[in-house]
Amino acid sequence: MNEKKLLNQLIQFHGHLGPYLVLGYRMGAIGLRETNAKKYFGVNIAVHCPNKPPVRCLIDGLQFATGATYGKANICITKFTDTVKVVIKNTTTKKTVTISFNPKWYQLFKQNLTPDEEEMNVLSYTILRAPEQELFRIKYKR
């Protein structure tokens, strides 16, 4: 899927584009891939994050990428923390991956948050295109 189409679908799902939405999408896509979990029912997600927008917007990105929802009870916020960590588990194999932000990039996000929609769109595209090894720290539990 091309970038523009993906971002338009994310906007339709969430209501607007933002960097945390895209970060959540990327985290969810990585989690599915790395655990080999099936979208919708084959995944369980535990989110540790601050209890406020815009950071919580990453949850919508996670839901979009993985198909996990609050209604199915396969995604939940397990702890409100100052940092962000997402634990994604394949419900069949129990293979688990923990994904957190690279502290350098997390500081960049926090410093560059602005109400300017155009700047947020640029940051969102930057996040979508950035190499995942630069954005995230990934730990595996088999």
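Residues numbered from 1 in each chain as written. Predicted model: local features only at pLDDT ≥ 70, side-chain atom pairs only at ≥ 80, totals over all residues. Heavy atoms only, no water.

Comments concerning the packing of helix H2 (residues 19-35) against helix H3 (residues 58-66)
Axis separation between H2 and H3 bottoms out at 6 Å; the angle between their running directions is 40°. It follows from the interaxial angle that H2 and H3 lie oblique. Here H2 and H3 pass one another in a crossing that is right-handed. Here H2 contributes Tyr20, Leu21, Gly24, Tyr25, Met27, Gly28, Ala29 and Leu32 to the contact with H3, which in turn contributes Leu58, Asp60, Gly61, Leu62, Phe64, Ala65 and Thr66. Among the residues making up the contact of H2 with H3, the classes are represented as 10 nonpolar, 4 polar and 1 charged. (Axes fitted to C-alpha atoms, helices over the stretch in contact; angles between N-to-C directions. Helix = DSSP H or I, 4+ residues; strand = E, 2+ residues; numbered from the N terminus. Parallel < 35°, antiparallel > 145°, perpendicular 65-115°, else oblique. Left-handed = near helix turned anticlockwise from the far one by under 90°. Contact = heavy atoms within 4.5 Å. Nonpolar A, V, L, I, M, F, W, Y, C, P; charged D, E, K, R; others polar.)

Points about the pattern of salt bridges
When the charged atoms of two side chains lie near each other, side chains of opposite charge can form a pair. Using the criterion set out here, one finds 3 salt bridges in the structure. Close ionic contact of Arg33 with Glu34 constitutes a salt bridge, the shortest N to O distance being 2.8 Å. The exposure class of Glu34 is buried, given its relative accessible area of 19%. Salt bridges linked by common partners bring Arg33, Glu34 and Glu132 together as one network. (Salt bridge = Lys/Arg side-chain N within 4 Å of Asp/Glu carboxyl O. Buried < 20%, exposed > 50% of the residue type's maximum accessible area, 1.4 Å probe, protein only.)

Description of the environment of Lys79
Note on placement: Lys79 falls in strand S2 (residues 75-80). When the C-alpha atoms of Lys79 and Val55 are compared, they prove to be 14 Å apart, with 24 residues separating the residues in sequence. Lys79 has contacts with Val47, His48 and Cys49, leaving out every residue within four places of it along the chain.

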